[in-house]
Amino acid sequence: MKNNLINKLKNKKIKKNEINNNLDFLDGSFTDKNYLAPSYINLLNPKYIEIDNNYYSSLLIINYFREQSDLILKSLIDTNLDINISIFYERQDTYKTIRELTYHIGNVGVDLKSNNQNRQDIDIAAFTYNDAKYIRKELQINNEDLYYLYIYINTYSENLKELEYLLNKIEGIIESKGMQVRRAYFRQEQAFRACLPLVENHKFLKEISKRNVLTSGLVATYPFISSAIFDEDGIFIGTNIYNNSLVFIDRYNTNKYKNANMCIFGTSGAGKSFYTKLLILRYRLMGIEQYIIDPEREYNNLCENLNGTLLKIGAGSNTYINIFDIREESIEDDEEGYLANKIGKLIGFFNLIFGKINEEEKAILEEKLIELYKTKNITFDDKSLYKENNNKISIKPKFKESKDMPILEDFYNILDKDEKTKTFKIKLIPFIKGSLKFFNNYTNVELNNKLIVADVYELGEENLKYGMYLFTDLFWDKIKKDRNNKKAIYLDEIWRLIGVTSNKDVASFIYKIFKTIRKYGGSGVAITQDISDIFSLDNGTYGKSILNNSSIKTFFSLEEENIKILEQYTNISEKEKIEIKSLKRGECLIFVGDEHILNKINAADFEKEIIENKINKKI
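Here is what the cut-offs are and how they apply
- Per chain, residues are indexed from 1 in the order of the written sequence.
- It should be noted that, the model being predicted, local features are given only for residues of pLDDT at least 70 and side-chain atom pairs only at 80 or more, the latter also being counted only at that level, while totals for whole chains, interfaces and linings use all residues.
- Hydrogens and water are ignored here; the side-chain numbers use all heavy atoms of the structure.
- We count a stretch as a helix when DSSP gives it H or I for four or more residues in a row; a strand needs E for two or more, and each element gets its number in order from the N terminus.
- Type-normalised accessible area, obtained with a 1.4 Å probe on protein chains alone, sets the label of each residue: buried when under 20%, exposed when over 50%, and partly exposed for intermediate values.
- The contact rule is simple, with two residues in contact once any of their heavy atoms fall within 4.5 Å.
- All accessibility values rest on the Shrake-Rupley procedure with a 1.4 Å probe; residue burial counts only the protein chains present in the view.
- Note that His is not counted, nor are the chain ends; the positive residues are Lys and Arg, and the negative ones are Asp and Glu.
- Charge positions come from single atoms, namely NZ of Lys, CZ of Arg, CG of Asp or CD of Glu.
- The axes used here are C-alpha line fits, helices contributing only the stretch in contact, and every angle between their N-to-C directions lies in the interval 0 to 180 degrees.
- Oblique is the label for any angle not covered by the other classes, which are roughly parallel (under 35 degrees), roughly antiparallel (over 145) and roughly perpendicular (65 to 115).
- Definitions for this section: a left-handed crossing has its near helix turned counterclockwise from the far helix by less than a right angle. A right-handed crossing has that turn clockwise.
- Charged residues are taken to be Asp, Glu, Lys and Arg, nonpolar residues to be Ala, Val, Leu, Ile, Met, Phe, Trp, Tyr, Cys and Pro, and polar residues to be all remaining types, Gly included.
- For two strands to count as paired, DSSP must find a minimum of two bridges between them.
- Definition used for salt bridges: Asp or Glu carboxyl oxygen within 4 Å of a side-chain nitrogen of Lys or Arg.
- Aromatic pairing here means that ring centres of Phe, Tyr or Trp (its six-membered ring) are within 6.5 Å. Orientation follows from the plane angle: under 30 degrees is stacked, over 60 is edge-to-face, and everything else is tilted.
- Only Lys NZ and Arg CZ are tested; either one counts as a charge over a ring when it is within 6 Å of the ring centre and within 35 degrees of the ring normal.
- Nonpolar core, defined: a set of buried Ala, Val, Leu, Ile, Met, Phe, Trp, Tyr and Cys residues in which side-chain atoms within 4.5 Å join the residues together.
- Residues adjacent in sequence count toward polar contacts only when both atoms are side-chain atoms; beyond that, a polar contact is any pair of N or O atoms within 3.5 Å, and within protein one must be able to donate a hydrogen and the other to accept it.
- Here, expected helix span is obtained from the residue count minus one, scaled by 1.5 Å.
- The arc in question is traced by the directions running from the helix axis to the C-beta atoms.
- Cysteine sulfur atoms that come within 2.5 Å of each other are treated as a disulfide pair.

**Considerations on the overall build of the chain**
Part 1 of the argument: For the chain, the count of helices and strands is 23 helices and 18 strands.
Part 2 of the argument: Projected onto the principal axes, the alpha-carbon positions of the chain cover approximately 110 × 100 × 50 Å.
Part 3 of the argument: Here the chain holds 619 residues, and 48% of them are scored as buried.
Part 4 of the argument: Excluding contacts between residues fewer than 6 apart, the proportion of contacts in the chain whose partners are at least 24 apart in sequence is 73%.
Part 5 of the argument: With the model as given, the accessible surface of the chain reaches about 33300 Å², and the carbon-plus-sulfur share is 48%.
Part 6 of the argument: Within the chain, one finds 88 positive and 89 negative side-chain charges whose respective centroids are separated by 5 Å.

Structure, rendered in structure tokens:
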């Protein structure tokens, strides 16, 4: 019996020692709390707190205007200073407040009736009397509540000289808004803790900073005044210049935006090309189909570094696109009218070559185009676009290829047979026998890449519009191929297609793209450096239509003349006009739906290397 008792005591002692050892082990571990805690805190100075080589100092707002008609923190938040703002509201008991106000009104009313006070005392008493009556009326009649308001501001810096500069600047901003501020000397610890997410409002602070405010007055303290955009599936665009918040935009979010179209405007050297390339790079990583028309040979290196397909058209190129190609994807499965759809596009193309043509000439051209396709056994019957199915295994007939289509020379020969079209034939000579004969070929490229850049630089200033229209037609057909895939078409120097050097048929085709591309899961991106050019055709009708059909508008630095034109077609404010004019390189004003954000474009070093072609191998 005695031995059993001794054994039990020994077992208990062993277990107790094991527990103590476990506790010792836990005491020596490194927890999240230890990781977050600073290495030291110095509270000896009454003017600031020192934490890990950073100095923190706080300010208390102790008085306000009797009436506020503006957001009192707006000027402070817009400065983009390193500050933390903490606002406390304490709701008061309405019944108790009304009772105390009534008692106060009665006492002051008696004092006002006596003549024993000097004039200054009477005026002060009158103010408090009227204010008390106003507050009681709002509580009783308009169902408002009374709150106690406390606002604390904390700023920080790595050196004391900069800390003093920040404190002086904040004090100046606050006092310019009619408020009084006091430094939290000998209360720095309490004020610092009040600005942490601890919901701790110390009684020493409350005694000096408490002010009453009605429910309607709380609106003036609303702190979230800078626009911010953070779309969940968006790509990183940059940072808000005002508050350093990150800007993420998902332009394909149909629940939030009417469409995925974009306009990018800015003077030469403002940063619009870098921004466009950055978008292309980031959307490339997301696997989105992108087609770029490049009149200035700016995207070739980016295309190579991203393993895209580069199409060049010009005298020295060996890639060809046939303008007469009818592609299977040019209309959707449930639609009809391949030839009718193609003829409408060809009228626009020949409008560029022949100049302004009247309705009679259009009718003649259409007649000749119908005759042209008939020579290739292609009619308005969509079945004529399919080859005869000699393979019994294959159920679906094969669509005709480029070699089954006519080329420019075939059209030239048809025009030669009719005296009414001799003038048109003469204008086609450069395209058949001259410097532009590379247009007179069958398509010889496969276009299966998700990134395709069309280089039309070699065409020269006068002929760029032909190449741009040719590739716009090609890319538009590819965009219509599958509604479920996200895709984008970038039209750099778009003014060439919708400006005064173009014509209404071409401009209408471009406008149609921006108006309908949304239903194909696509995004149209219009890029130009001279806004006046896109509004030069037909009193700016097409430029305005494209601008209005773009949910996202990005404005880099612009000249005064372009800003005045922009003012006519957008809801830009006076302040924003000044901001656009003074933007630095890489800064822009973005209109995203109803939000207007001043944004600084940010890119990682490896992105800059890819865009600026400073890498040695492809990614």
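**Brief notes about the packing of helix 11 (residues 338-354) against helix 16 (residues 460-479)**
Part 1 of the argument: Direction vectors running N to C along helix 11 and helix 16 enclose 165°, while the axes themselves pass 9 Å from each other. On the basis of the axis angle, helix 11 is roughly antiparallel to helix 16. Between helix 11 and helix 16 lies a crossing whose hand is right-handed. Residue-level contacts link K342, K345, G348, F349, L352 and I353 of helix 11 to K465, Y466, Y469, D473, W476 and D477 of helix 16.

**Topic: the packing of helix 16 against helix 18 (residues 504-516)**
Part 1 of the argument: Across the interface, helix 16 lies against helix 18 with an axial gap of 12 Å and an inter-helix angle of 30°. Relative to helix 18, the element helix 16 lies roughly parallel. You can see that helix 16 and helix 18 cross each other, and the crossing is left-handed. Along its contact with helix 16, which presents Y469, T472, D473 and W476, the element helix 18 presents V506, F509, I510, I513 and T516.
Part 2 of the argument: Of the residues assigned to the contact of helix 16 with helix 18, the class counts are six nonpolar, two polar and one charged.

**Some points on the sheet that holds strand 18 (residues 595-601)**
Part 1 of the argument: Pairing is mixed across the open sheet formed by eleven strands, whose spatial order is 9-8-18-17-16-10-15-14-11-13-12. Each having just a single partner strand, strand 9 (246-249) and strand 12 (309-312) make up the two edges of the open sheet. On average, each strand axis in the sheet is tilted by 25° relative to the strand beside it, whichever way the strands run.
Part 2 of the argument: Strand direction decides the pairing type here: strand 8 (residues 235-240) and strand 9, joined by four bridges, are antiparallel. By the bridge assignment, I235 is partnered in strand 9 with I249.

**Description of the pattern of salt bridges**
Part 1 of the argument: Summed over the entire model, instances satisfying the criterion amount to 30 salt bridges.
Part 2 of the argument: With a shortest N-O distance of 3.4 Å, D404 and K387 are connected by a salt bridge. Here the residue D404 occupies a position in the loop between helix 12 (359-374) and helix 13 (408-416), and K387 occupies one in the loop between helix 12 and helix 13, the gap between them amounting to 17 residues.
Part 3 of the argument: The partner of K398 in a salt bridge is E401, with the nearest N and O atoms 3.1 Å apart.
Part 4 of the argument: Its relative accessible area of 29% is what places E401 among the partly exposed residues.

**Quick word on the environment of K177**
Part 1 of the argument: Note that K177 resides in the loop between helix 6 (160-176) and strand 6 (180-183).
Part 2 of the argument: With 358 residues separating them in the primary sequence, K177 and F535 have C-alpha atoms 43 Å apart.
Part 3 of the argument: Those residues in contact with K177 that sit more than four places away from it in its chain are F65, Q68, D70, L71, I72 and S75.

**Focus on the packing of aromatic side chains**
Part 1 of the argument: Under the criterion given, the structure shown has 30 aromatic pairs.
Part 2 of the argument: On the basis of an interplanar angle of 40° and a centroid distance of 5.9 Å, the ring pair of F265 and F555 is categorised as tilted. Separated by 290 residues along the polypeptide, F265 in strand 10 (residues 262-265) and F555 in strand 16 (residues 552-555) bring together distant segments of the chain.
Part 3 of the argument: F555 sits in the buried class, given a relative accessible area of 0%.
Part 4 of the argument: Where W476 meets Y520, the ring centres are 5.5 Å apart and the plane angle is 90°; that geometry is what we call edge-to-face. Linking W476 in helix 16 with Y520 in the loop between helix 18 and strand 15 (522-528), this pair joins segments that are 44 residues apart in sequence.
Part 5 of the argument: Exposure remark for W476: the relative accessible area of 1% places this residue in the buried category.
Part 6 of the argument: With a relative accessible area of 4%, Y520 lands in the buried category.
Part 7 of the argument: One residue, K210, lies across the ring of Y148, its end atom 4.6 Å from the ring centre.
Part 8 of the argument: Above the ring of Y299, the side-chain terminus of K277 is found at 5.8 Å from the ring centroid.

**Examining the nonpolar core**
Part 1 of the argument: Core analysis: the largest hydrophobic core is formed by 92 residues, its most contacted members being F324, F350, L428, F439, F471 and I510.
Part 2 of the argument: Non-local contacts of F471, meaning those with residues more than four positions away in its chain, are made with I293, L311, I313, I321, A454 and V456.
Part 3 of the argument: Y257, A260, L281 and I590 belong to the second largest nonpolar core, which has 39 residues in total.

**Here's the deal with the side chain of K553**
Part 1 of the argument: Of note, K553 is situated in strand 16.
Part 2 of the argument: A polar contact is formed between the side chain of K553 and the backbone oxygen of S550, at a distance of 2.8 Å.
Part 3 of the argument: If near-sequence neighbours (up to four positions away) are discounted, K553 is found in contact with C263, L547, L589, I590 and F591.

**Side note on unusual backbone geometry**
Part 1 of the argument: One non-glycine residue, N377, lies in positive phi territory at about 60°.
Part 2 of the argument: Structurally, N377 is set in the loop between helix 12 and helix 13.
Part 3 of the argument: Phi at D538 takes a positive value of approximately 55°, unusual for a residue other than glycine.
Part 4 of the argument: Structurally, D538 is set in the loop between helix 19 (531-534) and helix 20 (541-548).

**What to know about helix 6**
Part 1 of the argument: Here helix 6 spans 24 Å end to end across 17 residues, near enough to the 24 Å set by a 1.5 Å rise per residue.
Part 2 of the argument: For helix 6, the complete set of buried residues consists of L163, L166, L167, I170, E171, I173 and I174. Angularly, the buried residues of helix 6 cover 165° about the axis, an arc narrow enough to put them on a single face. In helix 6, the exposed positions angled more than 90 degrees off the buried face are occupied by K161 and S176.
Part 3 of the argument: For helix 6, the side-chain oxygen to backbone nitrogen distance between the N-cap and K161 is 3.3 Å, and the N-cap itself is N159.
Part 4 of the argument: Positive backbone phi, approximately 85°, marks G178, located one or two places after helix 6.

**Focus on the state of the cysteines**
Part 1 of the argument: Going through the model one piece at a time under the given rule, you end up with zero disulfides.
Part 2 of the argument: C263 carries a free sulfur, and the closest cysteine sulfur to it, the one in C588, is 14 Å from it.
Part 3 of the argument: With relative accessibility at 1%, the residue C263 sits in the buried group.

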